[in-house]
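# Structure assessment
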Protein chains: 2
Amino acid sequence: MPRVAVSTDLVVLTVREQCLSALMWRRDLPPYAGCWSLPGGFIQLDEDLPAAASRLMAERAGLADVRIHLEQLQTYGYPDRDPRQRVVSVAYLGLAPDLPASTRAQVLWTAVDELVGSDPAAFDHRRILLDGVERARAKLEYTSLAAAFCPAEFTVAELRRVYEIVWGTPLDPRNFHRKVTGADRFLVPTGRTTTRDGGRPAQLYIRGDAEQLRPPMLRQRPC
Amino acid sequence: MPRVAVSTDLVVLTVREQCLSALMWRRDLPPYAGCWSLPGGFIQLDEDLPAAASRLMAERAGLADVRIHLEQLQTYGYPDRDPRQRVVSVAYLGLAPDLPASTRAQVLWTAVDELVGSDPAAFDHRRILLDGVERARAKLEYTSLAAAFCPAEFTVAELRRVYEIVWGTPLDPRNFHRKVTGADRFLVPTGRTTTRDGGRPAQLYIRGDAEQLRPPMLRQRPC
DNA sequence: TCAAAAGTGTTTTAGCTACACCCATGA
DNA sequence: TCATGGGTGTAGCTAAAACACTTTTGA
């Protein structure tokens, strides 16, 4: 039977400087020299897919040994997506707090709006990025994944800012507070407080062990 | 870079005889002779992944040219999942009305509970099947996909039976009726009626063009 | 003392649950 | 006429939206 190359591409998202941002790799060699692409690489023969994703997260993205949510996104495999040869790519979605990534100049956090707006992308990486962003937006509704964008300890307002930036819509602080603090096992209070956001001191929380958020937090949709 | 074989396995589900059933393939050759497996096969070098899934749906499952919902499920690729060689498998999930499948004796609709209960499965196909079933169960909550299990024209009660069988929980017929007929573009009345379920004649509907169901129909969860 | 943000209380409204009730058919 | 399932009305509850209000800090 035919054998093909299998690669893994990473859509690594974070919230920084008021923008949903993705980790991009600037290509200096053909094909697509000068375009941005997603960090990725080929899998090894004796390597599981999640292991390959973790390895590339360290090697290519510079995010080794960091607590990052990683999940399989989708697999892309139409025949001419790579001009050199047939490559089937298993994309992974990573959600990270705002961390310094690789020290290489080639690897940069960039606002998603900027990436999809104008810059030319290599291969089908614009589509993969958009699929990853849509998956992240959807999962904030019915899971507790928003906390994956926050540091280990965070306030309710910081969590709310994640929702607002990822969805691009303002949320009522009062109702949001009630919703997330009332949800079972979403947030665990540490007892400590902080005034880093200004104003009255806010409770600090860490992530609870809930994965689902029921009932979900529905975003407003365009009618 | 290393090249590996890429296959597609199909989780094709339907509702028949009061059971959620899957299309299974009984293996008569090693490896795993005598076990059930999912219908599948290797992709061709010039073939897109959805095209491979459609082709195998026709060749292996006997469901050619039928209106079947097909979506990518997940990709499975740990190194020793096939004892012969490294195979990365892109699984697809198909939701079909109760149709006669392949005429081959090797291919059978079988109740999911029966399959996962006791019969030994080939490769990691039990896991793939369970992932497909869970995806289907989850998607009934927030999409209009339940209609993919129904014939072209169906009644509200038939749609409700799909939910009840897939979820394994009874639903209130009155509230269900209000919910689905009130949802925007989920159902389109044909004007015709039927008495095939007994009792008072029921409206026949066809699928509307809505994909999302908002607000979702939440199933009761174990606390 | 004031601005700013955290957090609580309250009113209104939407949607779900539970169940009483009527309707239209076949047997 | 009666059993069967289709379909409607309605009361009660839960949760969300909208917004007034109090609390606690830094400047």
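Bear in mind the structure is a predicted one, so any value in this text is a computation, not a measurement.

### Re the protein's contact with DNA strand D
Near DNA strand D lie 22 residues; those nearest to it are A:R174, A:K179, B:A157, B:R174 and B:R200. Across the atoms of DNA strand D situated within 4 Å of the protein, the share located in sugar and phosphate is 50%. Between DNA strand D and the protein, one listed contact pairs a base nitrogen with a side-chain N or O atom of A:N175 at 2.9 Å. Breaking the surface near DNA strand D down by element, the ones donating at least two residues are α5 (173-182) of chain A together with α4 (156-167), α5 (173-182) and β9 (202-207) of chain B. Sort the elements by how many residues they give to the surface near DNA strand D and α5(A) lands first, with 4 residues. Considering only residue class, the surface near DNA strand D consists of 5 nonpolar, 7 polar and 10 charged.

### A short note on the domain arrangement of chain A
Often, the extent of an interface is quoted as the loss of accessible area on bringing the components together. All names here are of chain A. For chain A, the assigned domains read domain 1 (5-140) and domain 2 (143-207). Spacing between the C-alpha centres of domain 1 and domain 2 amounts to 27 Å. Tallying the contact residues gives 16 residues for domain 1 and 13 residues for domain 2. For the pair domain 1 and domain 2, the two sides together bury roughly 1,400 Å², of which 69% comes from carbon and sulfur. Summed over the shared surface of domain 1 and domain 2, the number is 0 salt bridges. Linking domain 1 to domain 2 there are 5 residue pairs in polar contact (both at pLDDT 80 or more). Among the secondary structure elements, those contributing two or more residues to the side of domain 1 that touches domain 2 are β1 (3-16), β2 (19-26), β5 (69-76) and α3 (125-142).

Calculation notes
Residues numbered from 1 in each chain as written. Chains lettered and ligands numbered in written order. Predicted model: local features only at pLDDT ≥ 70, side-chain atom pairs only at ≥ 80, totals over all residues. Heavy atoms only, no water. Near = heavy atom within 4 Å. Polar contact = N/O pair within 3.5 Å; in protein donor to acceptor, adjacent residues only side chain to side chain. Helix = DSSP H or I, 4+ residues; strand = E, 2+ residues; numbered from the N terminus. Nonpolar A, V, L, I, M, F, W, Y, C, P; charged D, E, K, R; others polar. Domains from an automatic or database assignment. Contact = heavy atoms within 4.5 Å. Buried area = accessible area lost by both parts, 1.4 Å probe. Salt bridge = Lys/Arg side-chain N within 4 Å of Asp/Glu carboxyl O.

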